[in-house]
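Observations on the three-dimensional arrangement
Listed below are the residues making up each chain.
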Amino acid sequence: MNENYRPVPTKFAPEIRFEVTPAPAAPFRAVQESTLERLKTRLLLERLKELANAEFNCQLRRAANEAAELAWVTCYPLLVFPALFEEKVEAALALAARQEPVRPRSLELLEV
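The paragraphs below set out a description of the structure included in this document. Values in this document were obtained by computation on a predicted structure and should not be read as measured data. (Residues numbered from 1 in each chain as written. Predicted model: local features only at pLDDT ≥ 70, side-chain atom pairs only at ≥ 80, totals over all residues. Heavy atoms only, no water.)

1. Examining the overall build of the protein chain
Looking only at helices and strands, the protein chain features 4 helices and 0 strands. The helix and strand sequence of the protein chain, counted from the amino end, reads α-α-α-α. The C-alpha atoms of the protein chain give a radius of gyration of 29 Å, which is well past the 13 Å a tight globule of 112 residues would have. Projected onto its principal axes, the C-alpha positions of the protein chain cover 90 × 40 × 20 Å. Counting all 112 residues of the protein chain, 21% fall into the buried class. Summarising the internal contacts of the protein chain: among those between residues at least 6 apart in sequence, 64% fall at separations of at least 24. Total accessible area on the protein chain is roughly 9,700 Å²; 60% of this is exposed by carbon and sulfur atoms. (Helix = DSSP H or I, 4+ residues; strand = E, 2+ residues; numbered from the N terminus. Rg over C-alpha atoms; globule rule 2.2 N^0.38 Å. Buried < 20%, exposed > 50% of the residue type's maximum accessible area, 1.4 Å probe, protein only. Contact = heavy atoms within 4.5 Å. Areas by Shrake-Rupley, 256 points an atom, 1.4 Å probe, with all protein chains shown as cover.)

2. Considering the nonpolar core
Core analysis: the biggest nonpolar cluster contains 19 residues, and Leu 44, Leu 60, Phe 81, Phe 85 and Val 89 have the highest contact counts within it. Taken together, the elements giving at least two residues each to this core come down to helix H1 (30-50), helix H2 (56-72) and helix H3 (77-99). Leave out the neighbours within four places in its chain, and Val 89 touches Arg 47, Leu 60 and Ala 63. (Core = buried A, V, L, I, M, F, W, Y, C linked by side-chain atoms within 4.5 Å.)

3. So, empty space enclosed by the protein
This model, assessed by the stated rule, comprises 1 cavity of 30 Å³ or more. Taken as a whole, the largest cavity encloses approximately 60 Å³ of empty space. Within the residue set of the lining of the largest cavity, elements represented by two or more residues are H2 and H3. Among the residues forming the lining of the largest cavity, the class breakdown is 2 nonpolar, 3 polar and 3 charged. (1 Å grid on protein atoms, 1.4 Å probe; cavity = no way out; pocket = protein on both sides within 12 Å on 5 of 7 lines; lining within 4 Å. Points joined across faces, edges and corners; volume = space filled by probe spheres on them. Nonpolar A, V, L, I, M, F, W, Y, C, P; charged D, E, K, R; others polar.)

4. What about H3?
Between its first and last C-alpha, H3 extends 31 Å over 23 residues, near the 33 Å set by a 1.5 Å rise per residue. For H3, every residue scored as buried is listed here: Pro 77, Phe 81, Leu 84, Phe 85, Val 89, Ala 92, Leu 93 and Ala 96. (Expected span 1.5 Å × (residues − 1).)

5. A short note on H2
With 17 residues, H2 ought to run about 24 Å at 1.5 Å a step, and its terminal C-alpha atoms sit 24 Å apart, in line with that. What H2 keeps buried is the set Phe 56, Leu 60, Ala 63, Ala 64, Ala 67, Ala 68 and Ala 71. Relative to the axis of H2, the buried residues are bounded by an arc of 135 degrees and lie together on one face. (Arc of directions from axis to C-beta.)

6. Things to note about the environment of Leu 45
Mapping Leu 45 onto the fold places it in helix H1. What makes Leu 45 partly exposed here is its relative accessible area of 42%. The spatial distance from the C-alpha of Leu 45 to the C-alpha of Leu 60 is 9.7 Å, given a sequence separation of 15 residues.

7. Brief notes about a nonpolar patch on the surface
Together, Ile 16, Phe 18 and Val 20 make up an exposed nonpolar region whose accessible area comes to about 400 Å². Relative to the assigned elements, Phe 18 resides in the segment before H1. (Patch = residues over 30% accessible without salt bridge, like charges linked within 9 Å, V, L, I, M, F, W, Y side chains within 5 Å. Salt bridge = Lys/Arg side-chain N within 4 Å of Asp/Glu carboxyl O.)

8. As for the side chain of Lys 40
Within the fold, Lys 40 resides in helix H1. Of the residues examined, Lys 40 reaches a relative accessible area of 11% and is grouped as buried. Engagement of the side chain of Lys 40 in a polar contact is seen with the side chain of Asn 65, the distance being 2.6 Å. When sequence neighbours within four positions are dropped, the list of residues in contact with Lys 40 reads Ala 64, Asn 65, Ala 68 and Phe 81. (Polar contact = N/O pair within 3.5 Å; in protein donor to acceptor, adjacent residues only side chain to side chain.)

9. A few points about the side chain of Arg 47
Within the element layout of this structure, Arg 47 appears in helix H1. We classify Arg 47 as buried; its relative accessible area is 12%.

Laid out in structure tokens, this is it:
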């Protein structure tokens, strides 16, 4: 055997047991999720009624979904969502306004 080998005496303490109550991984937010969906739908329908142009429908829905996703990861999604929704909608409408003059020129280029 190895010259450095020495047996190590082991002593085990008496077994101790205690109760463990696991904490939930995340708070139960199913109720908040359905409330957030209702809020998103209500705000989105209000904005869609204000705008007569159907071309903005897709952009507004995308903005609402992005705002809901961002709000959901916060501690207070129902409080944060309306402000995020307004910011996202304004950004989407500004982008659509910038793209509006470009679209006819693009169509002209494709027709040639």
